[in-house]
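# Commentary on secondary and tertiary structure
Residue-level listing of the chains:
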Amino acid sequence: MVHTRSTGHPQPSPQDETGNGSKGEIVRCPYCRHADSRVTDSREVDEGQVIRRRRSCQACGRRFTTVEEATLAVIKRSGVTEPFSRDKVIVGVRRACQGRPVGDDQLALLAQRVEEAVRATGCAEIPSNEVGLAILGPLRELDEVAYLRFASVYRAFTSIEDFEAEIRALRRPGAPGAPGVPDFPVAREPVLEPAP
């Protein structure tokens, strides 16, 4: 989904290079409201996620800028959609990282990696649970304790066995960070001595 906005004009529609709308809609000049403009310059911003187009109105000759931005929508469990937000990813992960040696820059980088992974699917709308799945990998590499905390809430752990299964998965060869995983104490059955 691509949204276009122009300076001085609220929410114009997506455009092609000729000034005509890509879906039969047009951007009107924010000064004279004329429906025909010519693109004089186009520039990609934010690694191609945003395109700025400088336009010239064919009627009044004034110039204005439109900004086309690829938006990513997250579909919540309730069915409501909202724009993807790196800030929301950071807030959710920060809770899991409380008390851990994880800085703001690391959280920002994690949120960027999550957004890149989600955008790489090529979908304009993505279920919220897939955003959670995209968080798990980078978080496991960042901090295993924070990963376990996040996974326990995200995957709704209900018992110690759920934690043990997740720890076994972390220890598996080939799992991200497996060689440096500390040895966790293994739960053992208590030894019962016969009564004297």
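The structure this text deals with has already been given above.
Residues numbered from 1 in each chain as written. Predicted model: local features only at pLDDT ≥ 70, side-chain atom pairs only at ≥ 80, totals over all residues. Heavy atoms only, no water.

V89, V93, V114, V131, I135 and L139 are the most contacted members of the largest nonpolar core, which has 28 residues in total. Listed by contribution, the elements that provide at least two residues to this core are α1 (86-96), α2 (104-119), α3 (128-142), α4 (144-154) and α5 (160-171). Apart from the residues lying within four places of it in its own chain, the contact partners of L139 are V93, C97, L110, A146, Y147 and F150. (Core = buried A, V, L, I, M, F, W, Y, C linked by side-chain atoms within 4.5 Å. Buried < 20%, exposed > 50% of the residue type's maximum accessible area, 1.4 Å probe, protein only. Helix = DSSP H or I, 4+ residues; strand = E, 2+ residues; numbered from the N terminus. Contact = heavy atoms within 4.5 Å.)

What follows deals with the packing of aromatic side chains. All told, the structure shown has two aromatic pairs when counted by the stated rule. On the basis of an interplanar angle of 15° and a centroid distance of 6.0 Å, the ring pair of F150 and Y154 is categorised as stacked. With F150 and Y154 both in helix α4 and four residues apart, the pair spans about one turn of that helix. Judged by centre distance (4.9 Å) and plane angle (85°), the rings of F157 and F163 are edge-to-face. The ring of Y31 carries R62 above its face, with NZ or CZ at 3.9 Å from the centroid. (Phe/Tyr/Trp six-rings, centres within 6.5 Å; stacked < 30°, edge-to-face > 60°. Lys NZ or Arg CZ within 6 Å of the ring centre and 35° of its normal.)

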